[in-house]
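Observations on the model geometry
Letter by letter, the chains look like this.
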Amino acid sequence: MRERLRVALKGARRPPENDSAFLLDPHRRGVPGLERMRRFRPHETVDMLIVGAGAGGATLAQRLARRGWKVLVLEAGPFWDPDEDWVSDEAGAHELYWTEPRVIGGQDPVELGKNNCGRGVGGSMVHYAGFTPRFHPSDFEVRTRDGVGADWPISYQELKPHYERLEQELPVAGEWWPWGDPHGYPHGPHPVGAGALRAWEGARRLGIRMCVGPVGIANGSFGHRPHCIYRGFCLQGCKVNAKASPLVTHIPDAIEHGVEVRAECMASRIETDESGRCTGVAYLQEGRERFQPAEAVAVAGYSIETPRLLLNSTSARFPHGLANNNDLVGRGVMVQGAPQVAGRFGEEMRMYKAPPPEINSEQFYETDPSRGFARGFSIQTVGPLPIGWAEHVLADGHWGQALREYMRDYNHWYTIGVLCELLPRAENRVRLAEETDRHGIPIARLDYTQCDNDRANIAFAKQKLHAILEAAEAQDVLTIDRYAHLVGGCAMSDSPGCGVVDSDHRAWDIPNLFVTDGSVMPTQGSANPALTIMALASRLAERLGDKRIRPPVRRRRRVGVPA
Amino acid sequence: MAATARRRPPEGAGHLPKQGGSIEPGPPAELPRQRRGTTPQMRGRYPDYDVLETIDHWDALTRRVVLDRVAMVPELRFFDEAEARTLKAFCDVVLAQDAEPRIPVLALVDAKLYEGRLDGFRYDDMPADPETWRQVAAGLDASARESGCEDGFAAASSELRHEIVERFAHGELDWELPVEKAWTVVMRAVLAAFYSHPWAWNEIGFGGPAYPRGFARLGAGQREHWEAPPEFARDPEADVHERGLE
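Side note on the environment of His257 of chain A
All names here are of chain A.
- Relative to the assigned elements, His257 resides in the loop between α9 (251–256) and β5 (260–262).
- On a C-alpha basis, the gap between His257 and Arg290 in space is 25 Å, while along the polypeptide they are 33 residues apart.
- Discounting residues that sit within four places of it in the chain, His257 has contacts with Ala65 and Arg66.

And the structure:
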């Protein structure tokens, strides 16, 4: 009975303490009421200054504002209005990506930009596909279990209540989830397209279990967010407001509770005083440098920009950058190995329809000694649009007439991919390059080289994709090697020698500096990171709000810019 | 049919390059002439499909962006004349654009480079993308001259141009630039330009922006009412005759 009631009410239930979906306008997509948004004065000391309005920053802001904190969020990119700023077009989505100059190196360089870097309010979740799986309990203790990577200083159980709460807020739609810590989702699974059904059948024949979801896309309307229209442009920003991103899930409620989101403000330095505490953040707005004082600073710029900001915040006291006394800032950046294999079928699949995230398997997530490498991968679906499909065809070695022929065959193809857990390595790191950007700030350089375990994992997972498509009776296959997601770079740890922040996201060296984005992850699992980034920020906010963390010491309010 | 001799002939897939389909330059056999709308070279798998007939169902912003791509071909501002001649020839080879109408790929790339709309990363052993393009232009000409064509890549025979591009694709050219990475840099831009163009969407049967109306028919072989079926193995000459389209 209770279950039936739950199902009947699923679209109508409000998440606790978050009215975002109801604060949006039913007929327009932009966040309403921005003209009423609180504006802090230039010299007003805020309780928490957050750098970055993505998954980590927006969630922290919304939570703290509900607890009565004075919160300011600086965001380098624009405050998006999906009606005015986004187009239903692949090339036209260029503005959504972080395209400032960066250098990539190492033996296996990681391409940045549209693949993994967002800008603007909502962050990378504006253009993520929408998969929102939880991490497994095993992810938090891979060193103990598997002898690789690092253990987290927190356990799955500490994040679990935040996972549950966020799954209601996004909300997440999917089937009962049998892997990791088994759990259900507040919304039922979305319908599945032709290609995913074929791939699913292939997997079934091999004894591989796949389930629908989990995706951060409401199944049905949700508050004032309309139903998904299955147009397939999830990676280009959801003009419908059906797909969850902080822009629609947390920013409206944050603003309603007194948060100021100051967009188009590029943080350049975190300032500190003689005692080694943060005093606020210097940033560039319309070419002018400004400063906002704060009791505490939380950096949420993701795995490249967070280390970059910390490394650039040098001073006599911190000559190597903030929180970097042990030369750990920027180290241990991780990406997931994400090869994709496409299969050709006799019937039209038209993979541009339906959201790209459809079905998922975490059957190979944990270590299986018989595979000969540690940890594993998850199998997911993707639905590349024409430009993405062209890159896929090119990667398989085709150009000219051959490329055109495979492209003309687009509607007969379907694509599946994996996310392989690659291990954290100290030499995979973000540093400052000598070059500077248009603001005069040194640009970031990311070096990446895989280890043998990584290569073995990717090779095995790729074979699995081929096997599934073969079992699905695909007539031809095309393969692309690529990476997905970014995490790590400011790992949380249980001792200062092993990481940049403690289990409360607080920099080991600096009592009022926090890092609250994906860069704190010591390992990455084979799950898409968005939900976990939000859950970490939610947990931190709860601990700060409950004063379970020694609150940043309050000083007399000080006016003026520090020297 | 090319498919008959193969080990396991995949029914209906014999036109694919890895299944024995032809990849020779020149108009592909068995590919229908486009009858509706425009495709590059007026051939395509969906001869009766024109995505631009659905623009009334797109949001105004998207409509403007896509229609501008067709109607407002930007003047070249980044490449000089000699570079443009070489690179246009290169784009024609890598995209098999061997006849009009052509999607003006180089103009779209030129606008992107001129306006500094770059992709957000550069390999540590490579120059920035705009400079890479210039060096590729110089490299193509140098490679053509090495093979005896003094007037550069654009003036080379079709065979020589294909041979040089083939070596470029395999990283076998001896340039100062890391050739394999240069290939990915230029091809990324070329493909993004070509397949952002609605003429290419017509050719491949892509449903288009579909906002705000979306898609409702997700099943195998299902189509929205405005989508069209693909056509295989229709003789273009006979087809025109049979339909009385002369």
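Right, picking up where we left off after that structure.
Quick look at unusual backbone geometry
Residue and element names in this part refer to chain B.
- Residue Pro101 is reached from Glu100 by a cis peptide bond, and omega for that bond is -5°.
- Within the secondary structure layout, Pro101 lies in the loop between α2 (81–94) and α3 (105–114).
- With an omega of 15°, the peptide bond between Tyr211 and Pro212 qualifies as cis.
- Positioned with a positive phi, Gln41 is a non-glycine residue whose angle comes to about 65°.
- Within the secondary structure, Gln41 is located in the segment before α1 (60–71).
- We note that Ala210 has phi near 50°; this positive angle belongs to a residue other than glycine.

So, the sheet that holds strand β1 (residues 122–123) of chain B
- Strand order in this open sheet of four strands is β14(A)-β15(A)-β3(A)-β1(B), and the pairing throughout is mixed. At either margin of the open sheet sits one strand with a lone partner, and together these are β14 (430–436) of chain A together with β1 of chain B.
- With four bridges joining them, β14 of chain A and strand β15 (residues 442–447) of chain A adopt antiparallel strand pairing. Looking across to β15 of chain A, one finds that Leu432 of chain A is bridged to Ala444 of chain A.
- Running at roughly 70° to β14 of chain A, helix α10 (residues 302–312) of chain A makes contact with β14 and β15 of chain A of the sheet.

A word on the confidence of the model for chain B
Residues and elements named next belong to chain B.
- When pLDDT is averaged along chain B, the result is 91, and 91% of the positions lie at 70 or above.
- Of the regions scoring below 50 in pLDDT, residues 1–6 engages in ten contacts with residues more than four places distant in sequence or in other chains.
- With pTM at 0.95, the complex prediction returns an ipTM value of 0.94.

Overview of helix α14 (residues 530–545) of chain A
- The terminal C-alpha atoms of α14 of chain A, which comprises 16 residues, lie 23 Å apart, in line with the 22 Å expected from a rise of 1.5 Å per residue.
- Positive backbone phi, approximately 60°, marks Lys547 of chain A, located one or two places after α14 of chain A.

Observations regarding the packing of helix α11 (residues 386–395) of chain A against helix α12 (residues 400–408) of chain A
Residue and element names in this part refer to chain A.
- As a packed pair, α11 and α12 sit with axes 10 Å apart at the nearest point and diverge in direction by 135°. In terms of their interaxial angle, α11 and α12 are classed as oblique. Of the two elements, α11 crosses α12, and the hand of that crossing is right-handed. Between α11 and α12, the contacting residues are Trp389, Ala390, Val393 and Leu394 on the first element and Leu403, Tyr406 and Met407 on the second.
- Considered class by class, the residues forming the contact of α11 with α12 number seven nonpolar, no polar and no charged.

Conventions we followed
Residues numbered from 1 in each chain as written. Chains lettered and ligands numbered in written order. Predicted model: local features only at pLDDT ≥ 70, side-chain atom pairs only at ≥ 80, totals over all residues. Helix = DSSP H or I, 4+ residues; strand = E, 2+ residues; numbered from the N terminus. Contact = placed C-beta atoms within 7 Å. Pairing = 2+ DSSP bridges. Axes fitted to C-alpha atoms, helices over the stretch in contact; angles between N-to-C directions. pLDDT = per-residue confidence, 0-100. Expected span 1.5 Å × (residues − 1). Parallel < 35°, antiparallel > 145°, perpendicular 65-115°, else oblique. Left-handed = near helix turned anticlockwise from the far one by under 90°. Nonpolar A, V, L, I, M, F, W, Y, C, P; charged D, E, K, R; others polar.

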